[in-house]
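If you want the building blocks of each chain, they are given just below.
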Number of protein chains: 2
Amino acid sequence: MSIVDRLRAARGETPADLVLRNASLVNVISGEIYRSDIVVHDRHVVALGSQYAGERELDLGGKFVAPGLIDAHAHIESSLVSPPEFARAVLPHGVTTVITDPHEIANVLGLEGMRYMLERAKHGLLNMFVMASSCVPATDMETSGARLEAEDLGQLLGHPWVLGLAELMNYPGVALGDEGMLDKIELFRHLALDGHAPDMSGRMLNAYVAAGVQSEHECTTVEEALEKLRLGLTIFIREGTTTRNLLPLLPLISSENQGAICFCTDDRMPADLLDEGSIDHMIRLAIANGVDPLAAIRMGSYNSARHFGLKKYGAIAPGKYADLVVVADLQNFRPEMVYRGGRLVAENGAMTLPRQAPRPINLRGSLNIASTELDFSIRAVGERIHVIGTVRDQVVTEKRLERAKILDNMAVSDVERDILKFAMVERHRASGAIGKGFIQGFGLKRGAIAGTVAHDHHNLAVIGVDDESMRAAVRAIVAMGGGLVAVDGEAVLARLPLPVAGLLSESPIETVRQQYDSLIDAAKSMGSHLSDPFMVMSFMGLEVIPKLKLTDQGLVDVEQFKIIDLFAQN
Amino acid sequence: MSIVDRLRAARGETPADLVLRNASLVNVISGEIYRSDIVVHDRHVVALGSQYAGERELDLGGKFVAPGLIDAHAHIESSLVSPPEFARAVLPHGVTTVITDPHEIANVLGLEGMRYMLERAKHGLLNMFVMASSCVPATDMETSGARLEAEDLGQLLGHPWVLGLAELMNYPGVALGDEGMLDKIELFRHLALDGHAPDMSGRMLNAYVAAGVQSEHECTTVEEALEKLRLGLTIFIREGTTTRNLLPLLPLISSENQGAICFCTDDRMPADLLDEGSIDHMIRLAIANGVDPLAAIRMGSYNSARHFGLKKYGAIAPGKYADLVVVADLQNFRPEMVYRGGRLVAENGAMTLPRQAPRPINLRGSLNIASTELDFSIRAVGERIHVIGTVRDQVVTEKRLERAKILDNMAVSDVERDILKFAMVERHRASGAIGKGFIQGFGLKRGAIAGTVAHDHHNLAVIGVDDESMRAAVRAIVAMGGGLVAVDGEAVLARLPLPVAGLLSESPIETVRQQYDSLIDAAKSMGSHLSDPFMVMSFMGLEVIPKLKLTDQGLVDVEQFKIIDLFAQN
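All values reported here derive from a predicted model rather than from experimental measurement.

### Some remarks on the nonpolar core
In terms of nonpolar packing, the biggest core is built from 347 residues, with Ile38, Phe442 and Ile449 of chain A together with Ile38, Phe442 and Ile449 of chain B touching the most fellow members. Not counting the four nearest positions on each side in its chain, Ile38 of chain B is found in contact with Leu18, Val19, Leu20, Ala23, Leu25, Val45, Ala47, Leu48, Val65, Ile316 and Leu324 of chain B.

Put into structure tokens, the structure is as follows:
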């Protein structure tokens, strides 16, 4: 089949593959909803109109047909599964296209990691586009598995699925004209350049935008979003698992500016993807809160396609891919049928196609630790310690000063005050580096939790009551080649293997979700009172988010942007 | 100066080149108009805000500042001048960017012609982008100076000013899957693909759009435009010298669809450009007829930039070029100051910079006629002739059947019935081909008019009362190396030399305009009653517009799409 066949079908000379009759077409281009047939042939919409004949014909009886949804910015790694499994999660929710920044796997495996993602997306059911990860590693106060400079990222240029440069998280560097950042921007200047500049404002924001940045997904208030929008940034409103910005940002949206607003999920955990959904959830939430359905659908499809220059996506018109979502009720946008490239891939919330086992990929292991018999002991060289204070359900922390619990000249966990030992074990280069500290807020009364998901360096994080449990947790993770565990003494209570870079599973997402739930239950059985201690732990090593974090190099005071001693001077 | 300097100015660490204070900023991105300073450095806007210092500062006292205007589709050749002179005409009207299809010069000189246009735009004051001419020649029923296939057009790919493939005028060919047309579309599929499909509708239109076409500027009715918009074509509303579609199409524009509508001029004569204006005229006309000023300005700037993916144009924001238009009154959009790349280029309707003489370019002559002693006689082989009937101020014609005036066995002009001899002399290859016929409606009582502007082949057209005047006209044109003349017997009453391809002058546009006015006056003095007989004549050879036209190959019945005999069978 070729363009010649499609034109023949468009002219009505041969029957089309499929005619969807009596659709209420959500025309995001003309801004109208009206009755039309939709004629599909060879993966494309070839015509809108009536009196076309199809090999298959389906009368929709006036049901609404919207374009396949587009997630403008997502880290697939947050779903803990590989692209085909992510696809199985989001396609039933109507998401047919995702623009992804693979910076988690890039921090572990570099270009090899990005290429794994592209390889796993091949022949897949989801349109997956990639932004080249711009900030690997996040800072020099950590040991990551890779370092990507402009010369490396340049190798991705010209790849048909690579749309530009991913979120420029080193926003002070960009605004201050850091040479490495400007090199990367220069390389991708004709493509999309995603931003990431939480709370940036005024002159520094002007400089950041002047450097060429084109979008922003970190806005949390209308005031912040409006300042950024006025400077020309397309606003990606985000509704992730942790960061939920849609409702606070709804007042931003007006008929005058909605063309410059898109929807994205950024980071969503398996349970949220499966139960709540993705962009469809955002559309439902927006409509339920008064946004015009057409505008909401545009923000979840057409606007993102326009922003990224995806000519054949995001609208229903001749020449575009037949990515279609059928819904019965616009006020309750629940996809009944989802077509991707003219093929029915999901119906009533479930995939219509059997899951395919992934083809083998030779990907190197990512766990490189010299010995599992680690020394987690902390010699007491003072009386007071800097403690990471978690803030309920947030990724920011407080910097606290506490009295150390000292036994035999060693600083140890103190379950009474919920001050637990926290270690970050370098796992990329077998350097033996271990950052050690204490953290408050996890509530464990015994045992340990650990995992190789620890933004953005993804070293091995472990929080525990006693060193034996911590060592057992590390051994269990090394045995799995990466993943998450909950351990009590020698007993592994629950585990989730993440053999791909220590970040992803290739198992069915439903299995991963169950294993994850078991992990949380196990942590709770040991005393944790966080709704998701593993997610919170995964951000406790991210030294670009305030205030006190731990990397394999030690405790990072984010506001001072330097490594500090565990024991306070006085 | 570099990005580093711009970021420094954006951060306010060094004074900017220019600060425009107290602007009423027309923010086409956020859809608002509000008070702001505009900070310009190194050709770019680097910041919006207050309290920046500038080497120069200008208090606008609340005057409005809009983005430099963008003409989404123009044939610069219609202005009869080269790009620098076209720039001098449109910049005072606020047009700082033009997307041009050089298909007139391409029909004469092929790629060499397009390269001349690009060369003349270099270091120029206007941002000129080029669409690769897709239909050279228009048909096989004419002799043009060049034939451009996909292999030829491919040489323009990658040129930073080439944005895509120009208007696909062979619209039946595209819809029917003509191989040559599909080859060209395939080559430019990642870029912009302009359409041209007057009156196309229904299934054929679906096929045309399915082939990949992205825009349309030929709509004359709201019904036509709405059908095309719904199929995904961006609508370029056109207000040319001859074809004035803005007022009839105004009811198309809604708040829901205006993002998919742009303004263009297509073809504008020197007098209209100088006196009436360009896109600014369309904005004034739209606003005067009830369109919201912000929407009108968007259609004349931002929307076109988005359509063509021109990231640094069409809006006022950090990182974009400082192309700015200052107006005192939005209800009467008259540019008081025009900045291009941060430089004041026009003020109160006049250029602020002195005209520069063009640098020499070695461009070959385009007039290739074996002998100027042409035989215009027409032996009478019947009594009734097919006559081209002009329709006042239109480019379509009627096909009329009239009794021939016969003298000495020769068919001759008949001024009583206004049936004049019309010849189309092949001028590219010295083939000696001359198409001969008769035309009604020019009103000449004596003499002849002639010119090398004759769409799209641009052979030498001559209309005259007597063969001597016609020969004298040809001699005068050959002597000029191309151009337009009005001749009475041996006397050349008026002339406009167009030495560049027989289409363009490099003289000041004001001079060209005066010479053109003199030509019209001379034609009127010989009896013509058309408001512009030269413009009308230039379309009498265009065999893709109904109904009867004349090429060097003979009379073309456009509806039959074939060459017919001058003398009727019965």
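That shown, we press on.
### So, the pairing of strand β15 (residues 335-340) of chain B
Along any regular strand the residues' side chains alternate between the sheet's two faces. Residues and elements named next belong to chain B. Bridging between strand β14 (residues 324-327) and β15 involves 4 bridges; their strand directions are antiparallel. Residue pairing across strands places Val326 opposite Met337, the latter belonging to β15. Note: β15 against strand β16 (residues 343-347), 4 bridges, orientation antiparallel. Bridge pairing in β16 places Tyr339 opposite Leu344.

### Considerations on the sheet that holds strand β30 (residues 554-557) of chain A
Residues and elements named next belong to chain A. Strand order in the open sheet formed by 3 strands is β29-β30-β31, with antiparallel pairing between adjacent strands. Strands with a single pairing partner mark the edges of an open sheet, and in this sheet they are β29 (548-551) and β31 (562-564). Across the sheet, the axes of successive neighbouring strands diverge by a mean angle of 45 degrees, strand direction being ignored. Both β30 and β31 contribute to a ladder of 3 bridges, which runs antiparallel. Across the sheet, the residue bridging to Val556 is Ile563, located in β31.

### Examining the sheet that holds strand β29 (residues 548-551) of chain B
Residues and elements named next belong to chain B. As summarised here, the arrangement of the 3 strands in space is β29-β30-β31, forming an open sheet in which the pairing is antiparallel. The outermost strands of the open sheet, each flanked by one partner alone, are β29 and β31 (562-564). Direction aside, neighbouring strands of the sheet carry axes that sit 45 degrees apart on average. Pairing geometry for β29 and strand β30 (residues 554-557), over 4 bridges, is antiparallel. Of the residues in β30, the one forming a bridge with Thr551 is Gly554.

### Remarks on the pairing of strand β3 (residues 44-49) of chain B
Residue and element names in this part refer to chain B. The buried count for β3 comes to 5 of 6 residues, which makes it a mostly enclosed element. Inspection of the sheet shows strand β2 (residues 32-41) paired to β3 by 5 bridges, in the antiparallel sense. Each bridged residue has a counterpart across the sheet, and for His41 the counterpart in β3 is His44. Linking β2 back to β3 in an antiparallel pair, the connection comprises 2 residues, with Asp42 at a positive phi of about 50 degrees.

### Digging into the relation of the copies chain B and chain A
Mapping chain B onto chain A is achieved by rotating through 180 degrees and translating by 0.0 Å along the same axis, at an RMSD of 0.1 Å. The superposition of one copy onto the other is thereby described by a two-fold rotation axis. Comparing interface residues between copies, 100% of those in chain B also sit at the interface in chain A, which points to an isologous, same-surface contact.

### Brief notes about the packing of helix α8 (residues 202-210) of chain A against helix α1 (residues 3-10) of chain B
Contact geometry for α8 of chain A and α1 of chain B: axes closest at 8 Å, N-to-C directions at 155 degrees. Judged by the inter-axis angle, α8 of chain A sits roughly antiparallel to α1 of chain B. As for the relative orientation of α8 of chain A and α1 of chain B, their crossing is right-handed in sense. Residues Arg203, Asn206, Ala207 and Ala210 of chain A of α8 of chain A form the contact with α1 of chain B, whose participating residues are Ile3, Leu7 and Ala10 of chain B. A breakdown of the residues in the contact of α8 of chain A with α1 of chain B according to their chemical character gives 5 nonpolar, 1 polar and 1 charged.

### Section: the interface of chain B and chain A
Reports of interface size often rely on the accessible area that becomes lost once the parts have come together. Facing 50 residues of chain B, the contacting portion of chain A comprises 50 residues. Of the roughly 4,100 Å² buried at the junction of chain B and chain A (both faces included), carbon and sulfur atoms supply 53%. Of all residues in chain B, Arg11, Arg203 and Arg230 of chain B give up the largest surface area on contact with chain A, accounting jointly for 17% of the area buried on that side. For the interface between chain B and chain A, the tally reads 4 salt bridges. Of the charged contacts, one joins Glu32 of chain B and Arg230 of chain A as a salt bridge, the two residues approaching to 2.8 Å between their closest N and O atoms. The tally of links between chain B and chain A comes to 12 residue pairs in polar contact (both at pLDDT 80 or more). Breaking the side of chain B that touches chain A down by element, the ones donating at least two residues are α1, β2, β3, α6 (171-175), α8 (202-210), α9 (222-230) and α13 (293-299) of chain B. Among the elements that make up the side of chain B that touches chain A, the one with the highest residue count is α8 of chain B (6 residues). Of the residues contributing to the side of chain B that touches chain A, the split by class is 27 nonpolar, 14 polar and 9 charged.

Conventions adopted
Residues numbered from 1 in each chain as written. Chains lettered and ligands numbered in written order. Predicted model: local features only at pLDDT ≥ 70, side-chain atom pairs only at ≥ 80, totals over all residues. Heavy atoms only, no water. Core = buried A, V, L, I, M, F, W, Y, C linked by side-chain atoms within 4.5 Å. Buried < 20%, exposed > 50% of the residue type's maximum accessible area, 1.4 Å probe, protein only. Contact = heavy atoms within 4.5 Å. Pairing = 2+ DSSP bridges. Helix = DSSP H or I, 4+ residues; strand = E, 2+ residues; numbered from the N terminus. Axes fitted to C-alpha atoms, helices over the stretch in contact; angles between N-to-C directions. Least-squares fit on C-alpha atoms with pLDDT ≥ 70 in both. Parallel < 35°, antiparallel > 145°, perpendicular 65-115°, else oblique. Left-handed = near helix turned anticlockwise from the far one by under 90°. Nonpolar A, V, L, I, M, F, W, Y, C, P; charged D, E, K, R; others polar. Buried area = accessible area lost by both parts, 1.4 Å probe. Salt bridge = Lys/Arg side-chain N within 4 Å of Asp/Glu carboxyl O. Polar contact = N/O pair within 3.5 Å; in protein donor to acceptor, adjacent residues only side chain to side chain.

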